[in-house]
Amino acid sequence: MPILTALFTLLVALAAALPAHAATAELALPGYQRADGAITTYFGGDSIDPYFAAKALLAAQDAGMATATTAGNWIAWQLPRQHSDGHFDRYCLKGQRFAACQQADADDALMAAWMELLVRTAPARGMPPAWQASFDKASRYLDTLRDRRTGVYQISSTLPVALLMDNVEVSSAFKAVSRYRRRLGDSSGATAWARQAEQLDQAILRVFWRNGGFLVSTQPRERSEFYPDAVAQIFPILADIQAPGRPHAIAYQSWMTANRMAWLQMSEVDFPWGLVALVADKMGDGDAITCWRMRSNQFRHGRHWNVLEEALLLAFQARLSPAQALAPPPAGLRCR
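What you see is a predicted model; the values in this text were computed from it and never measured.

Draft legend 1. Examining the state of the cysteines more closely. One pass over the structure, following the stated rule, counts two disulfides. Shown here is the disulfide that connects Cys92 with Cys101, its sulfur atoms set 2.0 Å apart. Its S-S torsion of approximately 65 degrees makes the covalent link between Cys92 and Cys101 right-handed. Its relative accessible area of 23% is what places Cys92 among the partly exposed residues.

Draft legend 2. Structural view of the layout of surface pockets. By volume, the largest pocket is sized at about 810 Å³. The wall of the largest pocket is formed by 36 residues, among which Tyr51, Phe52, Asp105, Tyr227 and Trp273 lie closest to the centre. The set of elements that each furnish at least two residues to the lining of the largest pocket consists of strand S1 (47-48), helix H2 (50-62), strand S2 (89-94), strand S3 (97-103), helix H4 (107-121), helix H6 (164-183), helix H8 (226-232) and helix H12 (307-317). Looking at side-chain class alone, the lining of the largest pocket contains 22 nonpolar, six polar and eight charged residues. Its volume calculated, the second largest pocket comes out at about 390 Å³. Taken together, 22 residues form the lining of the second largest pocket, with Asp62, Glu116, Arg120, Ser172 and Leu238 sitting closest to its centre. Every element with two or more residues in the lining of the second largest pocket is listed here: H2, H4, H6 and helix H10 (274-282). Class assignment of the residues belonging to the lining of the second largest pocket gives a composition of eleven nonpolar, one polar and ten charged.

Draft legend 3. Expanded view of the side chain of Asp107. By the element assignment, Asp107 lies in helix H4. For Asp107, which is buried and forms no salt bridge, the nearest opposite charge comes from Arg90, at a distance of 8.7 Å. Ignoring any residue separated from it by four or fewer positions in sequence, one finds Asp107 in contact with Tyr141, Leu145, Ile155 and Ser156.

Draft legend 4. Up close: the sheet that holds S2. One open sheet accounts for three strands, arranged S1-S2-S3; its pairing is antiparallel. Two strands in the sheet have a free side with no partner beyond their single neighbour: S1 and S3.

Draft legend 5. Local environment of the pattern of salt bridges. Scanning the entire structure with this criterion turns up 15 salt bridges. Between Glu268 and Arg295 there is a salt bridge whose closest N-O contact spans 2.7 Å. Of this pair, Glu268 sits in the loop between helix H9 (248-265) and H10 while Arg295 is found in helix H11 (residues 286-296), placing the two residues 27 residues apart along the sequence. Look at Arg295 and you get buried, because its relative accessible area is 8%. Counted as one network, the salt bridges with shared partners bring together Arg221, Arg223, Glu225 and Asp229.

Criteria and cut-off values
Residues numbered from 1 in each chain as written. Predicted model: local features only at pLDDT ≥ 70, side-chain atom pairs only at ≥ 80, totals over all residues. Heavy atoms only, no water. Disulfide = S-S within 2.5 Å. Buried < 20%, exposed > 50% of the residue type's maximum accessible area, 1.4 Å probe, protein only. 1 Å grid on protein atoms, 1.4 Å probe; cavity = no way out; pocket = protein on both sides within 12 Å on 5 of 7 lines; lining within 4 Å. Points joined across faces, edges and corners; volume = space filled by probe spheres on them. Helix = DSSP H or I, 4+ residues; strand = E, 2+ residues; numbered from the N terminus. Nonpolar A, V, L, I, M, F, W, Y, C, P; charged D, E, K, R; others polar. Lys, Arg positive; Asp, Glu negative; His and termini not counted. Salt bridge = Lys/Arg side-chain N within 4 Å of Asp/Glu carboxyl O. Contact = heavy atoms within 4.5 Å. Pairing = 2+ DSSP bridges.

The structure is reproduced here in C-alpha cells:
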C-alpha cells in the first residue's frame, strides 16, 4: 500500500509539472472584452471592429486555445446588431453604450470571419437557430460580393476590388463550414462547401499568382510595403493554398530569410503582425514564435497593439510554465 501511495504522489507531482498547454487553456481577454460580451479593438478602447474581434478568436483557436465562453459572449453581443441583409457596422462608445458609427472596412473578410467563427464555436449538436439564421444572412451577403467573371470576392458592393488576403479568409471559412457539415453527418453539404473552397482556391491562384509571387490586390499598387505586400506572400499558408511548384516549406523559409528581421522589428513602427507568428506555428518554427513573443511583449496594450495580437500572445504564453515565460531566449537564438 505505501508503494501505491508513493506512486500516486509521484503521478500528481508529474502532472503539476506539465506545461500549461498539456490541458487546453481557455481564452480570456481582460481589458478587451467587456461584461456585456463586446470586444474592443484596443485595450480599454472606445471602438469595436467586428472583424478584429472574430479574427482574434479564430487565431486563438488556431494557436490551440479554447474560446467557447469568450466567443459565445461575443456572438451573443453581435447577433442582434446584424443588419437584415447580413452585414455589420463598426461601433463607437457614446456615453456608456456602443453605437454604430462606421461601415465595416471589408465586408467580404468580415462575413467570412463571422461565418467561420459561428461554425467553429457551434456546440456538438450544431448551431442554435439564431446562429444558423445569422450564418445564412452572412452567407447570402457574401455571395453578392463574388465577381462572377473572375471567381474571387470583392471588398464590398461600393468598392469592387478583390484582395488576396480577404479571399484567403473566405476560402478558410468555406473549409471550416465543410468540416462542420461533415461533423454533423451531412456528407453532401460537406462536399458542396469543399467544392466551393476548391473552386475559390483555383480562382485565387489564377487572379493573384504572378511571376513567382502573389499580387495583393486586383488594383495596381504604386509601392510595396511590409503590410500588405510582404505579409500576403505567406498568408495563403494559413488556408492551405499552395502556389504551383511552391511547397509551403519552401515558401515559408524563403520568406523568413528575406523578412524575418523586418517582421520582428515591426512592433516598433507598426503592429507586431502576430499572424506571421501563426504561420510560423503552422510550420513548426518555435524559434520564430519565441522571438516574436519576446520582442512584442514590451509593446503590449500600447498604440501598436490590438486584440488580435493580444489573443495570439496569450495563446502562445499558455503553452509555457511561468518560469518558461520569464526565461531569457535560448543561447544562440537570434531575435534581432
